[in-house]
Amino acid sequence: MAHTRDGFQSRLGFVLAAAGAAVGLGNIWGFPTQAANHGGGAFLLVYFAVIFLLALPALYTELYLGHQAQANPVKALKTAWREGNPKIGAAAGYIGLAGAIVMLSFYSIVAGWMLSHALDPLAQMAELDAAHQFLSGDSMLRNFIFTPLMLILTASIILKGVKSGIEAWSRRLMPLLLVLLLCLIGYMATLDGAAEGFRTYLVPDFSKISDPDLIIAAMGQAFFSLSLGVGCMMIYGSYLKPNENLPKLTFSVAMLDTSVAFLAGLLIIPAIFVAQQNGVQVFQDGKLIGEGRLIFAILPELFANMGEMGLLVSLTFFVLMSIASVTSTISSTEIPVSFLVENHGFQRKQATWLVTLVILLASSTIILNFDWLFELVISLFTQYQLPLMGLFYFITVGWVWKRGNQLHLESRGAHYWFAQYVRFVCPVLMTAVFINVALAK
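What counts, and where the lines are drawn
- Residues numbered from 1 in each chain as written.
- Predicted model: local features only at pLDDT ≥ 70, side-chain atom pairs only at ≥ 80, totals over all residues.
- Heavy atoms only, no water.
- Helix = DSSP H or I, 4+ residues; strand = E, 2+ residues; numbered from the N terminus.
- Buried < 20%, exposed > 50% of the residue type's maximum accessible area, 1.4 Å probe, protein only.
- Lys, Arg positive; Asp, Glu negative; His and termini not counted.
- Salt bridge = Lys/Arg side-chain N within 4 Å of Asp/Glu carboxyl O.
- Contact = heavy atoms within 4.5 Å.
- Axes fitted to C-alpha atoms, helices over the stretch in contact; angles between N-to-C directions.
- Parallel < 35°, antiparallel > 145°, perpendicular 65-115°, else oblique.
- Phe/Tyr/Trp six-rings, centres within 6.5 Å; stacked < 30°, edge-to-face > 60°.
- Lys NZ or Arg CZ within 6 Å of the ring centre and 35° of its normal.

Visitor: Residues and numbers for the side chain of Asp257, please.
Guide: Considering the arrangement of structural elements, one finds Asp257 in helix H12 (residues 246-277). It turns out Asp257 is buried and unbridged, and the closest side chain with the opposite charge, Arg171, is 18 Å from it. Not counting the four nearest positions on each side in its chain, Asp257 is found in contact with Ala19, Ala22, Val23, Asn27, Ser225 and Leu226.

Visitor: Help me get a handle on the pattern of salt bridges, residues and values and all.
Guide: Applying the stated criterion across every chain yields a total of 4 salt bridges. Here Arg11 makes a salt bridge to Glu244, at a shortest N to O gap of 2.7 Å. One end of the pair, Arg11, is in helix H1 (residues 11-22); the other, Glu244, is in the loop between helix H11 (232-238) and H12, and 233 residues separate them in sequence. Classification of Glu244 as buried rests on a relative accessible area of 13%. With a closest N to O distance of 3.8 Å, Glu167 and Arg171 form a salt bridge. Of this pair, Glu167 and Arg171 are both found in helix H8 (residues 161-188), 4 residues apart, which corresponds to roughly one turn of the helix.

Visitor: Break down the packing of helix H15 (residues 348-368) against helix H16 (residues 370-400) for me, citing the residues and quoting the values.
Guide: Axis separation between H15 and H16 bottoms out at 6 Å; the angle between their running directions is 125°. Relative to H16, H15 is oriented oblique. Here H15 contributes Thr365, Ile366, Ile367 and Leu368 to the contact with H16, which in turn contributes Phe370, Leu373, Phe374 and Val377.

Visitor: I'd like to hear about the packing of aromatic side chains, residue by residue, with values.
Guide: Under the defined criterion, the tally for this structure stands at 29 aromatic pairs. Plain terms: the ring middles of Phe8 and Tyr236 are 5.4 Å apart, the flat faces sit at 85° to each other, and that makes the pair edge-to-face. Remark: Tyr236 occurs in helix H11 and Phe8 occurs in the segment before H1; sequence separation between them is 228 residues. Look at Tyr236 and you get buried, because its relative accessible area is 0%. Relative to Tyr64, the ring of Tyr60 lies with its centre 5.5 Å away and its plane at 15°, an arrangement referred to as stacked. Separated by 4 residues within a single helix, Tyr60 and Tyr64 lie in helix H3 (residues 41-69), roughly one turn from each other. The burial state of Tyr60 is the same as that of Tyr64; both residues are buried. A network of ring pairs unites the aromatic residues Phe106, Trp113, Phe296, Phe303, Phe317, Phe318, Phe370, Phe374 and Phe381 as a single cluster. The lysine or arginine in question, Arg172, covers the ring of Trp169, its NZ or CZ lying 4.6 Å from the ring centre. One Lys or Arg, Arg423, reaches over the ring of Trp399 and ends 4.0 Å from the middle of that ring.

Following this line, the structure appears as C-alpha cells:
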C-alpha cells in the first residue's frame with residue numbers, strides 16, 4: 001500500500017507544507033496579543049523554552065505516528081493500538097477527523113473575512129464605495145459568499161494531490177508569506193510609536209517570568225501555534241519517505257513556525273503602538289484589545305489613518321493573513337480526504353468535493369447561529385480537543401505502542417533519554433496545559 005500513496009518529493013517541500021499547516025491565524029493573530037499581554041520579552045523567553053520542552057516532542061510524536069504507519073490518522077492510531085485495543089486507537093482517529101471538520105467549519109469563515117478584507121483596499125482604490133462598505137462590513141451575505149470561496153480555493157489545491165497540490169502550493173505561498181511579513185515589519189519600523197512597540201516586545205521584564213499566568217499562556221500558545229492534536233502533522237508525516245531523518249525535519253518545521261510567530265510579533269506589537277500614537281484606543285482595563293477587534297477594528301483604523309499608503313499596507317497585510325489561512329485549511333482538509341481515499345476506496349476528486357460539502361454545511365450552520373455557536377465551537381476545540389489529543393499521542397507512543405515502535409527499542413543514548421522524556425515528563429506537562437486551559441474561562 002505504501003508505495004502507491006502520493007507523497008512529498010523533497011524535504012524542503014515537506015518543511016514548507018508542515019510549517020504552513022502550523023502557521024495560521026494563531027501565529028499572526030493570537031501570538032502577538034498573548035505576548036503583549038504577558039510581559040512582552042518575558043513571554044517570548046518562556047514561549048521559546050516551552051517550544052523545546054513540550055511542543056517539539058509533541059510535534060515529533062504526531063509526525064512519528066504517521067510516518068511509521070504511512071497511513072491516515074484513523075489507520076495510524078488503530079495500528080499503534082493493535083496490542084492494546086485497536087478500537088480505542090481508531091476512535092481517537094475519528095475524534096481527530098471530526099475535530100478537523102469542526103476546525104475547518106469556523107476557520108473557513110474567518111479565512112473568508114481575511115479574503116474580503118484583502119479585496120477591500122482594491123475596492124477603495126477603484127472608488128467603489130458600495131463594494132467597500134460590503135467588504136469591510138459584517139453581514140451574513142458576506143459570510144455566505146466568502147466562506148464557500150475559501151472552501152473552493154482549498155479544494156482546488158487538494159484535488160491535485162500531495163506532490164502537485166499541497167507541496168507545490170506550499171513552496172509558493174510560504175516564501176511569499178515570509179517576504180510580505182518582512183516588508184511590513186520594515187515599513188512599520190519607520191513610523192512614530194514603533195520603537196516603543198519593539199521595546200515592549202523584545203526587552204524582557206524578568207519580574208514577570210515566574211508569573212503562573214504567563215507560563216500557562218506560553219504553554220497553551222506553543223502547543224496551539226504548531227497545529228498539534230488534530231492529525232494535520234500525522235497525515236503530513238505519513239507522506240514522507242520511510243527513510244527520512246524525522247528528528248531533523250521536526251526541528252526545521254518547529255523553527256520555521258516559531259520564526260513566523262516571532263516575526264508576527266515584530267509586526268503587530270509595533271503596529272499597535274503606532275495606532276495608539278495615531279489616537280486609536282488599543283488598551284482596555286490595562287490589557288491589549290485582542291482577538292477579532294485587533295485585526296478587524298484597530299489595524300484597519302490604523303491603515304485608514306495612513307492615507308494612500310495605508311491602502312497598500314492593508315492589502316499586503318490581509319493577503320498575508322489569507323495565505324496563512326489557506327496553508328492551514330489545506331492541511332486540515334487533507335485529513336478527512338485521505339481517510340475516505342484510503343479507508344473507503346473513494347477517488348480523490350469525489351472525496352475532496354464530499355468533504356468540502358460537509359464543511360460548507362457545518363460552516364453554514366455556524367453562520368446562521370453565529371452569536372452563540374462560533375465561540376462555543378472554538379472554545380470546545382482549543383480548550384478540550386487539542387490538549388487531550390496531544391496527551392493521547394504521548395500515551396500512545398510512550399506506553400501503548402510497542403511492536404515496531406523504535407523509541408521502545410532504544411536502550412541507551414540520546415534516543416533512550418528522549419523516549420523516557422516522552423513517557424514520563426511530556427504527559428505531566430500536557431496535563432498541566434489541559435487543566436489550566438480548560439479552567440481558563
